[in-house]
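# Summary of the model geometry
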Amino acid sequence: MRKYVEDRWHIRDADGSRKRSTRHGVGMQFRARYFDEAGKEHAKHFKLKRDAQRWLDEVTTSVVSGQYVDPNASRLTFRAYADIWLAAQVHRDATAALYRGHLERHAYPTLGDRALGTILRTTVQGWVKSLTVDDPKTKRKALSPATIGVVYTVVASVFRAAVRDRKLASTPCDGISLPDVSKARVQPLTTAQVELLAEHVPAELRTLVILAAGTGVRQGEALGLTRDRIRLLGKNPAVTIDRQLVTKSKGETAFAPPKTAASVRTVPLPHVVVAALNDHLARFDVGDGELLFTLNGKGITRQRFGHLWRPAAQAAGLTDATGTGMHALRHYYASLLIRYGESVKTVQGRLGHKSATETLDTYGHMWADSDDRTREAVDSVLGAPADPVRTADSQG
C-alpha cells in the first residue's frame, strides 16, 4: 500500500532548499494520502505531522489485520446495498419475494435512504420499536412480534454482509432487543370442522381437504401432486412427497423442491383417502403425470387458493387458535397420530419436520400427561405392604 505525508505549506526548490508554497498558512498543513488495493486515492488533512502519520499507521494496521473499510463505502445507502445483497442471494422465488416485501414495506421507509455509516445501534433499536405501534401517517398497522422477528432477521443479514464486504467496520445490529413472541398452543380442528371445510370448498378441492386431513401434507405439496406420485393399489397405498407447486410472477406456477430435505417422504394413505382419491380421479379424468388439483386445467396459485379457501374457513368456524389456513388440516392430522399413540419420531417423519425438537415444540402438549403413570410407579414400590420376613431380619 502506497502512503505519504505531505507538507502543503512548503515546497522544495531545484537545489533542494525548502521554501514556503502558495498555500502557506491556508488550511491544515499536512495531508496524509494512501492508495487502496484498487488504486483509489484516499486523503485526510491534519494540523500536526504526527497526527497524519498516526492515521496512516492505523489504516495500515487495519489492512494487515483484515479490518480495513473503504471510508467512502459507508456512504452507500441501506436501500442500494440491500438491493445488491438480495440480488446475490440463492433464494427460492417465494423466499426472495418475501424478503423484498419485508424490506420495501417495513425497512426502506425508515432506513432505506440513510447511508450505511450513519445507521447506529440506537437507530436500529428505534426502528424496531416503531414496528410495534400503529403509524397514523403511513396508516401502517403494528406488526406482530413474530413478524418483527422475521423482518429484523432480514435487515440484520444485510448489515452482516456489509461488514463482510468491508462496507462497515461493525454491524449496528448488536444487542438489539426484540418484542417477546408468545407462542400459543395449537388447537386442532374437530372432525366436524374438517367435514364443513370439505363441503364448502369448490368440488375440485374437496378431495384435497380429505387428503390433507389424512396425510398432513402442506399446501404447496398437495397442489403439486401429480397422478404418478400416488399409489392406490396393493396392500400399502401411499403418496410420495418430493416437490411442491410454487407461484411465480404473472400468476404462473412451477414445480420446486420441497421446503427442506426432510420434507421428502412417503406417507401411507388411509382407506378413506384412497376412496376419495379414486373418486376424484374418475370424476375429473386426471391422466398420468397430470396435476391432481387444478382449476380450468391449470395449476392453482397461492393467491387463487386463498380466495377459494377463506369463505370455507369462515363457514367451518376456523379461528386464530386453530389457524385459519390450510395448515390447520396438518395440525388435525398430527393430533390424530398423537391421540392413537404414535411416537414423536413417527409424527416427525410423517410431517416432514427437520427434527423431533420441531415436532415437540409444536405438538408436545398433545401427548398424554404422564402424572398418573408417575404416581403409579412410585406407589407400586413405596406404597406396597412391607415384607414381614425382611422387616424382622432387618430388626434382628
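No experiment lies behind these values; they were computed from the predicted model shown. (Residues numbered from 1 in each chain as written. Predicted model: local features only at pLDDT ≥ 70, side-chain atom pairs only at ≥ 80, totals over all residues. Heavy atoms only, no water.)

### Section: the overall build of the protein
- When helices and strands are tallied, the protein shows 15 helices and ten strands.
- A compact globule built from 396 residues should have a C-alpha radius of gyration of about 21 Å, whereas the protein, at 33 Å, is more than 25% larger.
- Oriented by its inertia axes, the alpha-carbon framework of the protein measures out at about 110 × 90 × 45 Å.
- Within the span of the protein, comprising 396 residues, buried residues form 37% of the whole.
- Sequence separation of 24 or more characterises 60% of the internal contacts of the protein that already satisfy a separation of 6 or more.
- Surface summary for the protein: the accessible area is close to 23500 Å², and the carbon and sulfur share equals 51%. (Helix = DSSP H or I, 4+ residues; strand = E, 2+ residues; numbered from the N terminus. Rg over C-alpha atoms; globule rule 2.2 N^0.38 Å. Buried < 20%, exposed > 50% of the residue type's maximum accessible area, 1.4 Å probe, protein only. Contact = heavy atoms within 4.5 Å. Areas by Shrake-Rupley, 256 points an atom, 1.4 Å probe, with all protein chains shown as cover.)

### A short note on a nonpolar patch on the surface
- Together, Val 378, Val 381 and Leu 382 line one region of the surface with nonpolar side chains, adding up to about 330 Å² of accessible area.
- In this fold, Val 378 is placed in helix H14 (residues 371-382). (Patch = residues over 30% accessible without salt bridge, like charges linked within 9 Å, V, L, I, M, F, W, Y side chains within 5 Å. Salt bridge = Lys/Arg side-chain N within 4 Å of Asp/Glu carboxyl O.)

### Section: the sheet that holds strand S6 (residues 230-231)
- Spatial strand order, S6-S7-S10: three strands in an open sheet with antiparallel pairing. Two strands close off the open sheet at either side, each with one partner strand: S6 and strand S10 (265-268).
- Direction of pairing for S6 relative to strand S7 (residues 238-241): antiparallel, over a ladder of two bridges. Following the sheet pairing, Arg 231 is matched in S7 by Ala 238. (Pairing = 2+ DSSP bridges.)

### Remarks on the nonpolar core
- Judged by nonpolar contacts, the single largest core of 51 residues is most densely connected at Leu 197, Leu 211, Trp 309 and Leu 329.
- Looking at this core, the elements that each hand over two or more residues are helix H6 (191-200), helix H7 (206-215), helix H8 (219-223), S7, helix H9 (271-284), helix H10 (302-315), helix H11 (327-339) and helix H12 (344-351).
- Ignoring anything within four residues of it in the chain, the contact list for Trp 309 reads Leu 197, Val 201, Val 209, Leu 318, Thr 324, Gly 325, Met 326 and Leu 329.
- Counting residues in hydrophobic clusters, the runner-up holds 29 residues, among them Ile 119, Tyr 152, Phe 159 and Leu 168. (Core = buried A, V, L, I, M, F, W, Y, C linked by side-chain atoms within 4.5 Å.)

### A word on the pairing of strand S9 (residues 253-256)
- As paired strands, strand S8 (residues 244-247) and S9 are joined by four bridges and run antiparallel to one another. Note on S9: the bridge partner recorded for Thr 247 is Thr 253.
- Here S8 hands over to S9 after five residues, with Lys 250 in that stretch at a positive phi of 60°.

### Topic: unusual backbone geometry
- Notably, Asp 285 is not glycine yet its phi reads approximately 50°, a positive angle.
- On the accessibility criterion, Asp 285 (65% relative accessible area) is exposed.
- Unlike most non-glycine residues, Asn 296 shows phi in positive territory, near 55°.
- For Asn 296, the position within the fold is in the loop between H9 and H10.

### With respect to helix H4 (residues 121-130)
- Taken residue by residue, H4 has Thr 123, Val 124, Trp 127 and Val 128 as its buried positions. Buried residues of H4, viewed axially, fall in a sector of 135°; they line one side. Turned more than 90 degrees from where H4 packs its buried face, Thr 122 and Lys 129 sit exposed.
- Tucked into the core, H4 has its buried residues touching helix H3 (93-112) and helix H5 (145-164). (Arc of directions from axis to C-beta.)

### Focus: the environment of Leu 178
- Locating Leu 178 in the fold gives a position in the loop between H5 and H6.
- With relative accessibility at 35%, the residue Leu 178 sits in the partly exposed group.
- Taking the C-alpha atoms as reference points, Leu 178 and Gly 216, 38 residues apart in sequence, are found 32 Å from one another.
- With residues near it in sequence (within four places) discarded, Leu 178 still touches Val 128, Gly 149 and Tyr 152.

### Focus: the side chain of Thr 247
- Within the element layout of this structure, Thr 247 appears in strand S8.
- Looking at Thr 247, the relative accessible area reads 18%, which means it is buried.
- In this structure the side chain of Thr 247 is engaged in a polar contact, spanning 2.9 Å, whose partner is the backbone nitrogen of Arg 302.
- Beyond its immediate chain neighbours, meaning those up to four positions away, Thr 247 contacts Glu 252, Thr 301, Arg 302 and Gln 303. (Polar contact = N/O pair within 3.5 Å; in protein donor to acceptor, adjacent residues only side chain to side chain.)

### Brief notes about the packing of H6 against H10
- With their axes 8 Å apart at the nearest point, H6 and H10 run at an angle of 140° to one another. On the basis of the axis angle, H6 is oblique to H10. Judged by the twist between their axes, the crossing of H6 over H10 is right-handed. Only Trp 309, Ala 312, Ala 313 and Ala 315 of H10 make contact with H6, whose side of the interface consists of Leu 196, Leu 197 and His 200. (Axes fitted to C-alpha atoms, helices over the stretch in contact; angles between N-to-C directions. Parallel < 35°, antiparallel > 145°, perpendicular 65-115°, else oblique. Left-handed = near helix turned anticlockwise from the far one by under 90°.)

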